[in-house]
Amino acid sequence: MTQNNDPNLDPAGNTQHFRRFVDENPEPEEAARRPILPLVLAGVGVVLAIAVIVALVLAFS
């Protein structure tokens, strides 16, 4: 029987290093999405404000 004197032969070591790497380096979380509702409401408010101004100008001119 031959002896393997390779110092890097550690079949379980590679798995342990990989698991330690995964545990210490979790996947980054996705950035929180900005809510779209306030932007939509702001747009609707601007359109309504312009409509009111145009209606007043047409009514009193």
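Residues numbered from 1 in each chain as written. Predicted model: local features only at pLDDT ≥ 70, side-chain atom pairs only at ≥ 80, totals over all residues. Heavy atoms only, no water.

Novice: What am I meant to see in the overall build of the protein chain here?
Specialist: Scanning the protein chain from terminus to terminus reveals 2 helices and 0 strands. Going through the 61 residues of the protein chain one by one, you find that 2% of them count as buried. Counting every atom, the protein chain has about 6,400 Å² of accessible surface; 63% of that belongs to carbon and sulfur. (Helix = DSSP H or I, 4+ residues; strand = E, 2+ residues; numbered from the N terminus. Buried < 20%, exposed > 50% of the residue type's maximum accessible area, 1.4 Å probe, protein only. Areas by Shrake-Rupley, 256 points an atom, 1.4 Å probe, with all protein chains shown as cover.)

Novice: Would you take a moment to explain the UniProt feature "transmembrane region" (unreviewed entry) in the protein chain for this structure?
Specialist: If you check UniProt for "transmembrane region" (unreviewed entry), the listed places come out as residues 36-60 in our numbering. Within residues 36-60, the helical portion is 92% and the strand portion 0%, while the C-alpha atoms at the span's ends are 37 Å from each other. (UniProt positions renumbered as here; feature names shortened; annotations may be inferred.)

Novice: Would you mind going over a nonpolar patch on the surface with me for this structure?
Specialist: A cluster of nonpolar side chains, contributed by Ile36, Leu39, Val40, Val44 and Leu48, occupies part of the molecular surface with about 470 Å² of accessible area. With respect to the helices and strands, Val44 occurs in helix 2 (residues 37-59). (Patch = residues over 30% accessible without salt bridge, like charges linked within 9 Å, V, L, I, M, F, W, Y side chains within 5 Å. Salt bridge = Lys/Arg side-chain N within 4 Å of Asp/Glu carboxyl O.)

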